[in-house]
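The residues making up each chain are set out below.
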Amino acid sequence: MLVINTVLSVMAYDYPPEKLSVYVSDDGRSNLTFYALVEAASFSKHWIPYCKKFKVEPRSPAAYLSSGPESVGTFDSAALLAIKKLYKEMENRVEGTTKLGTISGDLATQEGFSQWDSQATSGNNQAIVKILIDGRDSNAVDIEGTVLPTLVYVAREKRPQYPNNFKAGAMNALIRVSSEISNAPFILNVDCDMYSNSSDSVRDALCFFMDEESGHEISYVQYPQNFRNLLRSNIYGDYIKIINEVEFPGFGEAMFVGTGCFHRRESLCGRKYSKSYKEHYQYRSERNPQESAVVLEERAKSLVSCTYENNTGWGKDMGMMYGCPVEDAITGLSIQCKGWKSIYFNPPMEAFLGISPTALGQFLVQHKRWSEGLFKIFLSKYCPFLYGHGKIKLKVQMAYALYLLWAPLSLPMLYYVVVPSLCLLKGIPLFPKISSSWILPFAYVVAATQSYSLGECLWCGETLGSWWNMQRMRVMRRTTSYLFGLVDTVLQQLGFGSSGFVITAKVTDDESLQRYAAGSMEFGSSSPMFTILATVALLNLVCFVGGVAGVVAVVGGGAGGGMVSQMALQVLLCGLLVFGSIPSYQGLFFRKDKGALPTALAVQAAFLAALACLVPLR
Ligand SMILES: O=c1ccn([C@@H]2O[C@H](COP(=O)(O)OP(=O)(O)O[C@H]3O[C@H](CO)[C@@H](O)[C@H](O)[C@H]3O)[C@@H](O)[C@H]2O)c(=O)[nH]1
Ligand SMILES: [Mn+2]
């Protein structure tokens with residue numbers, strides 16, 4: 001239902017349907033997804049005219065129907081009831097079939113479904129390309145007789161002996177299939193969970209491309225990523241708003257973030273910008289309208305075979321680039337270095353809404369993939385300072401570096417969460433006394449950065465609590481995700497292992513969702529990342545208690561206030577770390593639900609923390 005809501009939302013754009021084609025890549029090659037699309041295709045005949053007639057927003061049926069449309073704008077209650085009923089019926093059929101797990105009865109023998117044979121497994125399968133709605137077909141119309149946008153299902157060929165290049169491979173397959181079938185000059189790419197929240201986005205983006213003066217210089221128009229499932233309490237300290245409202249507007253160009261982005265097909269396919277470049281928009285005429293859909297599908301299939309890309313530029317200088325888990329950032333950078341301009345466009349009405357992880361583990365794994373991929377770019381020949389030198393502005397190079405250097409930030413952070421605390425425990429002073437003027441630079445840095453970041457947050461409409469969560473999460477991310485990202489990148493540079501693309505979970509069980517909604521962090525399993533978090537939490541607790549007791553003992557012994565002044569910063573730092581680790585203590589000691597930390601992990605962490613305390617520091 002997630003995928004078809006995305007599909008329906010983009011099929012219903014306020015744009016001439018004969019110029020719109022929607023391609024769905026199914027890397028899981030599931031006949032259930034195919035079935036859901038068949039259902040969506042027939043539902044679209046009702047949905048699209050409904051949207052256009054009543055100017056519906058958003059055009060994802062699930063989002064619209066759950067937004068209480070009864071109370072807003074113009075609507076006709078009978079029409080609303082009718083569309084709601086149709087949607088519910090479709091939902092029941094799709095969910096019923098998904099529960100069954102197979103396509104049975106009449107459907108199984110219908111055209112299209114026969115392509116799923118029992119031998120094929122996901123990861124070892126033939127290509128499937130099926131045109132579900134053929135925009136050239138004069139019978140493909142909605143209930144009011146208006147033509148429908150083309151809808152195509154694509155599952156590329158996959159064989160274990162060929163690298164599939166994950167999302168980048170899937171995107172390139174789609175680019176080729178679409179160039180065969182519709183070949184429109186502009187391509188919007190969206191992740192499966194990112195429905196369109198505004199029906200104007202196509203027209204808005206085209207305004208940039210069509211600009212008479214500078215439109216021809218633009219390669220892509222990137223809308224910000226926004227999430228629909230973030231909670232006001234913001235337990236995972238999501239900072240997407242800060243990125244969207246403060247960081248990206250100041251970037252200078254737009255960083256391609258993999259979704260919600262309109263690309264000029266030619267520039268995405270490797271064309272370099274030149275001053276004499278002017279687009280000629282006459283693609284469609286190259287197509288033969290008489291050709292049957294079956295012939296077209298067969299030709300398209302050959303474009304998504306495993307061997308098609310052999311000895312071509314795909315993945316290198318054509319399409320999305322391979323070999324990097326953040327295919328988006330590296331592709332965007334390389335397009336910019338070919339001379340193209342990019343636009344970051346953040347309209348007041350959020351254009352796309354996706355799903356952010358609701359479990360801590362998923363969240364940290366996602367950030368590991370990002371930090372690893374981004375750091376890999378920094379170490380590669382695509383490092384913006386080298387590759388971009390003379391091609392993109394220094395400011396843009398530096399802006400990229402801000403993200404590309406996430407992974408190495410783990411090292412200073414790891415130092416700060418362990419060493420000052422251990423030293424506190426052992427009575428070793430690290431910072432100047434608060435009575436000395438040497439404290440001023442420290443105080444300035446802390447006060448300036450924290451008040452700046454707090455200011456940013458409040459300006460973006462976040463709360464004080466949300467800001468604190470961001471600070472807490474920053475420590476957690478840097479000591480886990482970024483550290484693992486760093487280690488993996490370094491190992492890969494030394495020739496061990498290769499990087500993959502761990503997909504972010506889209507479905508979470510109800511209980512866990514309830515806990516998320518209630519504002520508790522979801523651990524729930526053992527993972528080396530949680531071991532680090534728990535160890536750091538315990539270590540700081542011991543150091544804080546032990547360290548403060550030590551200071552009190554000295555002062556009590558009459559040795560004077562010098563000790564307090566000397567250790568104050570360390571006590572403060574360690575105290576803040578303890579305060580920030582409250583969710584970890586809850587997970588370790590107090591929670592009984594499934595989202596708690598496992599006992600075995602607690603024992604392991606306690607052992608590691610004890611070991612760290614025993615390390616002699618002098
Ligand atoms: O082998 C793969 C892996 C992923 N995908 C698709 O890629 C999209 C993004 O995957 P997801 O697991 O949702 O990753 P996120 O962590 O949400 O992805 C973010 O980060 C990626 C780069 O790491 C960008 O490509 C995405 O656009 C951005 O949303 C989804 O539609 C997937 O179906 C594939 O088609 N094939
Ligand atoms: Mn996603």
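Residues numbered from 1 in each chain as written. Chains lettered and ligands numbered in written order. Predicted model: local features only at pLDDT ≥ 70, side-chain atom pairs only at ≥ 80, totals over all residues. Heavy atoms only, no water.

(A) Broad picture of the overall build of the protein chain. The number of helices and strands found in the protein chain is 23 helices and nine strands. Expected size for 618 residues packed as a compact globule is a radius of gyration near 25 Å; at 27 Å, the protein chain falls within 12% of this value. Taking the principal axes of the C-alpha coordinates as reference, the protein chain spans close to 95 × 55 × 50 Å. Classification of the 618 residues of the protein chain by burial places 50% in the buried group. Working note: accessible area of the protein chain is about 28,200 Å², and carbon and sulfur atoms make up 61% of it. (Helix = DSSP H or I, 4+ residues; strand = E, 2+ residues; numbered from the N terminus. Rg over C-alpha atoms; globule rule 2.2 N^0.38 Å. Buried < 20%, exposed > 50% of the residue type's maximum accessible area, 1.4 Å probe, protein only. Areas by Shrake-Rupley, 256 points an atom, 1.4 Å probe, with all protein chains shown as cover.)

(B) Just the sheet that holds strand 4 (residues 186–189), in detail. Read across the sheet, four strands follow the order 4-7-6-8 without closing on themselves; strand pairing throughout is mixed. The open sheet has two free edges, formed respectively by strand 4 and strand 8 (341–344), since each of these has just one partner strand. The average angle at which neighbouring strand axes cross in this sheet is 20°, direction not considered. Here strand 4 runs beside strand 7 (residues 261–264); their pairing, made up of four bridges, is antiparallel. Each residue of the ladder has a partner; that of phenylalanine 186, found in strand 7, is arginine 264. Relative to the sheet, helix 11 (residues 327–337) contacts strand 6 (218–222), strand 7 and strand 8, its axis offset from that of strand 6 by approximately 145°. (Pairing = 2+ DSSP bridges. Axes fitted to C-alpha atoms, helices over the stretch in contact; angles between N-to-C directions. Contact = heavy atoms within 4.5 Å.)

(C) Quick peek at the site of ligand 1. Close to ligand 1 lie 21 residues; Asp27, Asp191, Glu327, Arg369 and Lys506 are nearest. Contacts to ligand 1 include cysteine 192, whose backbone N or O atom sits 3.0 Å from an oxygen atom. For ligand 1, an oxygen atom lies 3.3 Å from a polar atom in the backbone of glycine 258. Taking 690 Å² as the accessible area of ligand 1 by itself, protein coverage stands at 90%. Counting only elements with at least two residues in the shell around ligand 1, the list comes to helix 6 (166–181), helix 11 and helix 12 (360–379). (Near = heavy atom within 4 Å. Polar contact = N/O pair within 3.5 Å; in protein donor to acceptor, adjacent residues only side chain to side chain.)

(D) Region of the structure containing the environment of glycine 315. Along the chain, glycine 315 turns up in the loop between helix 10 (293–303) and helix 11. Using a relative accessible area of 7% as the deciding quantity, one classes glycine 315 as buried. Between the alpha carbons of glycine 315 and alanine 168 there is a distance of 7.6 Å; along the sequence they are 147 residues apart. Aside from chain neighbours lying at most four places away, what touches glycine 315 is Asn172, Met320, Met321 and Tyr322.

(E) Here's a closer look at the pairing of strand 7. The alternating pattern of strand 7 places Cys261 and His263 and Phe262 and Arg264 on opposite faces, both of which are buried. Relative to strand 7, strand 6 runs antiparallel, the two sharing three bridges. Pairing of tyrosine 220 across the sheet is with histidine 263, part of strand 7.

(F) Representation of the pattern of salt bridges. In this structure the tally under the stated criterion is 22 salt bridges. Measuring nitrogen to oxygen at the nearest pair gives 2.7 Å for the salt bridge that ties arginine 299 to glutamate 180. In this pair, arginine 299 sits in helix 10 while glutamate 180 sits in helix 6, placing the two residues 119 residues apart along the sequence. Look at arginine 299 and you get partly exposed, because its relative accessible area is 35%. Ionic pairing is found between lysine 368 and aspartate 488, a salt bridge with its closest N-O pair at 2.7 Å. On the criterion of sequence distance, the pair formed by lysine 368 in helix 12 and aspartate 488 in helix 18 (residues 481–493) is long-range, its members being 120 residues apart. (Salt bridge = Lys/Arg side-chain N within 4 Å of Asp/Glu carboxyl O.)

(G) Expanded view of the UniProt feature "active site" (unreviewed entry) in the protein chain. The sites that UniProt annotates as "active site" (unreviewed entry) are Asp27 and Asp328. Mapping aspartate 27 onto the fold places it in the loop between strand 1 (21–25) and helix 2 (31–54). Judged by its relative accessible area of 23%, aspartate 27 falls in the partly exposed class. Among residues more than four places away in sequence, those in contact with aspartate 27 are Ser122, Arg156, Lys158, Phe166 and Ala170. Here aspartate 328 shows up in helix 11. Every residue in contact with aspartate 328, bar those within four places of it in the chain, is listed here: Phe256, Val257 and Gly258. (UniProt positions renumbered as here; feature names shortened; annotations may be inferred.)

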